[in-house]
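Okay, here's what each chain looks like letter by letter:
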Amino acid sequence: MDKKCGDESLRITAIGHSHLDLAWLWPIRETKRKGARTFSNVLRLMERYPDFVFGASQPQLYQWVKDGYPQLYSRVKKKVKENRWECQGAMWVEADTNISGAEPLVRQFLYGKKFFAEEFGVDARSLWLPDVFGYSAALPQIMKKSGVDYFVTQKLCWSQFDVYPHHTFWWQGIDGSQVLSHLLPENTYNGSAMPRSLKKIEKNYKDNAVCEEALMLFGIGDGAGGPSPFHLESLKRTKKLNGLVECEQGYSADMLDRIAEDTHGYKKWVGELYLERHQGTYTTQSRIKRFNRKTEFALRETEFACAWASRAAVFAYPQEELEAIWKEYLLYQFHDILPGSSINRVYKEAEERFEILLKRLNEIKKNAYRAVAEQYAEANESMVFNSLPFEVTTQLKTTAGYRKITVPAMGMTNLKECTDDLAPCVAQACVLENSKLRVLFNEQGEITSIFDLESEREVLQANANIFRVYNDRGDAWDMRVNYTDDAFETMRLDRCEWSVEGENAVCTQVFTYGASVLQQRVVLTQDGLVKFETKMDWRERDRMVRTAFPVDVLTNEVECDIQFGSVKRATNENTTWQYAQYEICAQKWVDLSQADYGAAVLNNGKYGYRCKDNVIDIDLLRSPSYPDVAADYGEHKFTYAFYPHRGNRMNSAVVRLAYQLNAPLTVVKTGETATGAEPALPRLFELNGDGSAVIESVKLAEDGKGIVVRLYETNGASCAFSLTPSFAFSRASEVDLMERELTECDTKNGTIHAKLKPFEIFSIKIS
Ligand SMILES: [Zn+2]
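These numbers come from a predicted model, not from an experiment. (Residues numbered from 1 in each chain as written. Predicted model: local features only at pLDDT ≥ 70, side-chain atom pairs only at ≥ 80, totals over all residues. Heavy atoms only, no water.)

Asker: Break down the environment of Ala90 for me, with residues and values.
Answerer: Among the structural elements, Ala90 can be located in the loop between β3 (85-88) and α4 (102-120). The contacts of Ala90, once residues within four sequence positions are left out, are Gln108, Phe109, Gly112, Lys113, Ala124, Ser126, Leu127 and Val148. (Helix = DSSP H or I, 4+ residues; strand = E, 2+ residues; numbered from the N terminus. Contact = heavy atoms within 4.5 Å.)

Spelled out as structure tokens, the structure:
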């Protein structure tokens, strides 16, 4: 107490806050009311306390207030103009960043920033995720390319085993991009604003030697409410109080700008900001996870189809409607919805809406494809479309039985081009075999061997695909860290059948556990995949169901697909940081490879894995009782696949096959009026290069003038590519993720040439 205010080398910026979960222990409908109550409470306090400054994130919340309470909204607008109300965060909602896909993360920033710019004239330059369960290593690049320089959170202090070493630091993502990050040193976004808060910040702050400022949020949050007179009176009294550091109310953006001025001595954290807690959320409410992936790919293909139709035919790109669908989809990526930590009603309502959105997207996609098809094909022809940037050769079930077709990348083929050129395969008791693999089963339905006939080697180290049922006494967020020490039961094989379907060898198995039933088609394909097409009717509470593939390779790291790239994680437990990652999150694939051989597990809507030693263990569902007693009860439908490959992951077809698993071909029939008059190319783009550049998305430019194509480099390598649109264009420019023009592309004779750095995201606007 002998210190006087002003003697300190720490300055705290305080700002009123009210963390509002857009759904959690209440449905979305209630959040709209909570938001309005919080905003009007804040406005009332602003009259009474002239130096009170408040901040709120999530444009979705502002949109609800605008729609439901327009007068209140105009009062908020006034306060933003008076610089007393900070529009925080650049994402549409405070979204999960483990499970949300690549393009969806871009759209969180695109629609979030657009809303604040158009409604308030504010350029949101910080990513504000105080409560999200871990942060993808893809974020720094997405942020930088969206014009977002700063990252604010506090959640990492929840980690169970390790303490993050910094509060103010550079965070570097997979491509090398860096953003200035600030973890709230008070370890809460619900600060009391009491002297003890200031003391705690002073005591905790790890980087005070290099940074003299810290941020403090005060108010009641989670269910919102916000600051009260108690907080504001307390702040008044701490002013100029001997023994306390200086604390002034102000904008977080101003504080972040100030600490960005001199970053000398700031340390760096490289890679993901893994939260050592809540790993159950990669799996809980697994239906919502499958809907998330399915809708991500439906949006992707619908935008591709509409972009093509808008160039090739008379077709009005439904920009407004697609933006509305995107925004609703982004809402469901909120950090208590997609991770599975909300009450039952939230999922019931979201699942109903997902069905409606998917149906509508399918209609729009088919209309767009039909408009394209009718330019090229005669009346009543069936055209097969491939939205992926890879040529696809596969069998299709037609009225004439199974037939083989090859569809060009981002293009189409007439179904008449099918051939009967099917490769032979065998399916008989306990054996599936083709020219690539021989798969053996035992009488319990377990896979005892997968033999690679081309490489002449056994792929498995022990029996695979055993359905293990663990007691799961955790909640929606957390499973027991040491659950593998517990006894488990296995699902019992009830019956199985063997069949050949065209060139696929199939084993259909039915397993049971109590009243629960798992029906699985194990399909050996000519791509060298063992696919597991699964239907499950789950009737148990407090259980977790997993399956595993012990792979015969020597490695101590697993490569995991994340948004716009991949990360490698340790499969050993040398350190507490590695031990803490007992469950990890991945997008479409995980891979264990040694220098010359490896195997991957692909999926179309699963995100939780355990990869220790050389086992890939996938979490199929969790049914904890809190906060939804019916979590994962009922029917599930999903596919995962096992893919052994020669060479390491980079030299394999893992990326292509994972995309293919998520984006099947679409068949569209032309109408009576089809002309077939157009002699142009049956594709939207031709992409050439060494294969490591992939087109993630194609969309109409936000300004309506041109098409935006977004690619990224998939191997962590340097690469060059060329892109040839099938339509005439006058200009091609590199744009950032907000679609602001950067430089003109190198274009020759209608082909665009560019080079990519490792994991670089590259967007081109073609107009
Ligand atoms: Zn929250």
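Structure shown, so let's carry the discussion forward.
Asker: Would you mind going over the coordination of the zinc ion in detail, with residue names and values included?
Answerer: Within the first shell, the zinc ion binds the protein through His19 (NE2), Asp21 (OD), Asp131 (OD) and His335 (NE2), at distances of 2.0 to 2.1 Å. Between the 4 donor atoms coordinating the zinc ion, the angles at the centre fall across 88 to 158 degrees, so the site counts as irregular. Spacing between the donor residues of the zinc ion along the chain follows H-x1-D-x109-D-x203-H. You can see Asp131 sitting in the loop between β4 (126-128) and α5 (139-144) and its partner His335 sitting in the loop between α10 (319-331) and α11 (344-376), a full 204 residues away along the chain. (Donors = N, O, S within 2.8 Å, 3.2 Å for Na, K, Ca; no water. Tetrahedral: all angles 85-135°; square planar, octahedral: opposite > 155°, others 65-115°.)

Asker: Please give an account of the pattern of salt bridges that cites residues and values.
Answerer: Taken as a whole and assessed by the stated rule, the structure comprises 54 salt bridges. Measuring nitrogen to oxygen at the nearest pair gives 3.0 Å for the salt bridge that ties Lys416 to Glu381. Taken together, the residues span a long stretch of sequence, with Lys416 in the loop between β14 (411-414) and β15 (426-428) and Glu381 in the loop between α11 and β11 (382-386) at a distance of 35 residues. Relative accessible area serves as the criterion here: at 13%, Glu381 is assigned to the buried category. Ionic pairing is found between Arg438 and Glu433, a salt bridge with its closest N-O pair at 3.2 Å. Look at the salt bridges and you will find they share partners, linking Lys114, Glu323, Lys327, Lys699, Glu702 and Glu739 into a network. (Salt bridge = Lys/Arg side-chain N within 4 Å of Asp/Glu carboxyl O. Buried < 20%, exposed > 50% of the residue type's maximum accessible area, 1.4 Å probe, protein only.)

Asker: An account of helix α7 (residues 229-238) is needed here, citing residue identities and associated values.
Answerer: Taken together, the buried positions of α7 are His231, Leu232, Ser234, Leu235 and Thr238. Buried residues of α7, seen end-on, are gathered within an arc of 160 degrees and therefore sit on one face of the element. Packing partners of the buried residues in α7 comprise β1 (11-16), α1 (28-48), α6 (195-204), β8 (213-218) and β9 (246-249). Phi turns positive, to about 55 degrees, at Lys240, one or two residues after α7. (Arc of directions from axis to C-beta.)

Asker: Provide a residue-level description of the sheet that holds strand β38 (residues 707-713), including the pertinent values.
Answerer: Within the open sheet, the 5 strands sit side by side as β37-β38-β44-β40-β41. Their pairing is antiparallel. Looking at which strands have only one partner, the edges of the open sheet turn out to be β37 (693-700) and β41 (741-744). Here the strands of the sheet are splayed against their neighbours by 30 degrees on average, with no regard to which way each runs. Helix-sheet contacts for α4 involve β37 and β38, and the interaxial angle to β37 is about 45 degrees. (Pairing = 2+ DSSP bridges. Axes fitted to C-alpha atoms, helices over the stretch in contact; angles between N-to-C directions.)

Asker: Tell me about helix α9 (residues 286-312), and name the residues and values.
Answerer: Between its terminal C-alpha atoms α9 stretches 39 Å, which fits the 39 Å expected from 27 residues at 1.5 Å a residue. Burial analysis of α9 places 22 of its 27 residues in the buried class, the great majority of the element. (Expected span 1.5 Å × (residues − 1).)

Asker: Can you break down the nonpolar core residue by residue, with the values?
Answerer: By size, the foremost hydrophobic cluster in this structure holds 238 residues, and its most contacted members are Tyr62, Trp85 and Phe642. For this core, the element with the most residues is α11, which contributes 14 residues. Not counting the four nearest positions on each side in its chain, Tyr62 is found in contact with Phe39, Ala56, Ser57, Tyr73, Val76, Trp85, Glu86, Cys87, Phe115, Phe116 and Phe120. With 6 residues, the next largest nonpolar core counts Tyr470, Met479, Tyr483 and Met544 among its residues. (Core = buried A, V, L, I, M, F, W, Y, C linked by side-chain atoms within 4.5 Å.)

Asker: So what about the side chain of Lys289? Which residues, and what values?
Answerer: In this fold, Lys289 is placed in helix α9. For the buried residue Lys289, which engages in no salt bridge, the nearest side chain bearing the opposite charge is Asp632, 7.4 Å off. There is a polar contact of 2.9 Å between the side chain of Lys289 and the backbone oxygen of Leu338. Sequence-distant contacts of Lys289, that is, excluding residues within four places in its chain, are made with Ile99, Thr281, Tyr282, Thr283, Thr284, Leu338, Pro339, Gly340, Gly605 and Tyr607. (Lys, Arg positive; Asp, Glu negative; His and termini not counted. Polar contact = N/O pair within 3.5 Å; in protein donor to acceptor, adjacent residues only side chain to side chain.)

Asker: Would you mind going over the packing of aromatic side chains in detail, with residue names and values included?
Answerer: One pass over the full model with this rule turns up 43 aromatic pairs. When the ring of Phe161 is compared with that of Tyr579, the centres are 5.3 Å apart and the planes differ by 75 degrees; the resulting orientation is edge-to-face. Taken together, the residues span a long stretch of sequence, with Phe161 in the loop between β5 (150-153) and β6 (168-172) and Tyr579 in helix α12 (residues 576-580) at a distance of 418 residues. Aromatic ring contacts, followed pair by pair, group Phe39, Phe52, Phe54, Tyr62, Tyr73, Trp85, Trp92, Phe115, Phe116, Phe120 and Phe218 into a single cluster. (Phe/Tyr/Trp six-rings, centres within 6.5 Å; stacked < 30°, edge-to-face > 60°.)

Asker: So, the sheet that holds strand β36 (residues 685-689): which residues are in play, and what are the values?
Answerer: Think of a sheet as strands paired side by side through backbone hydrogen bonds, with each pair either parallel or antiparallel. With respect to topology, 4 strands assemble into an open sheet ordered β36-β39-β43-β42, the strand pairing being antiparallel. A single partner strand is all that each edge strand has here, and the edge strands are β36 and β42 (746-748). Between one strand and the next, the sheet's axes are offset by a mean angle of 25 degrees, whatever the strand orientation. As judged from the 5 bridges shared by β36 and strand β39 (residues 719-725), these two strands associate in the antiparallel manner. Directly across from Glu686, in β39, lies its bridge partner Thr724.

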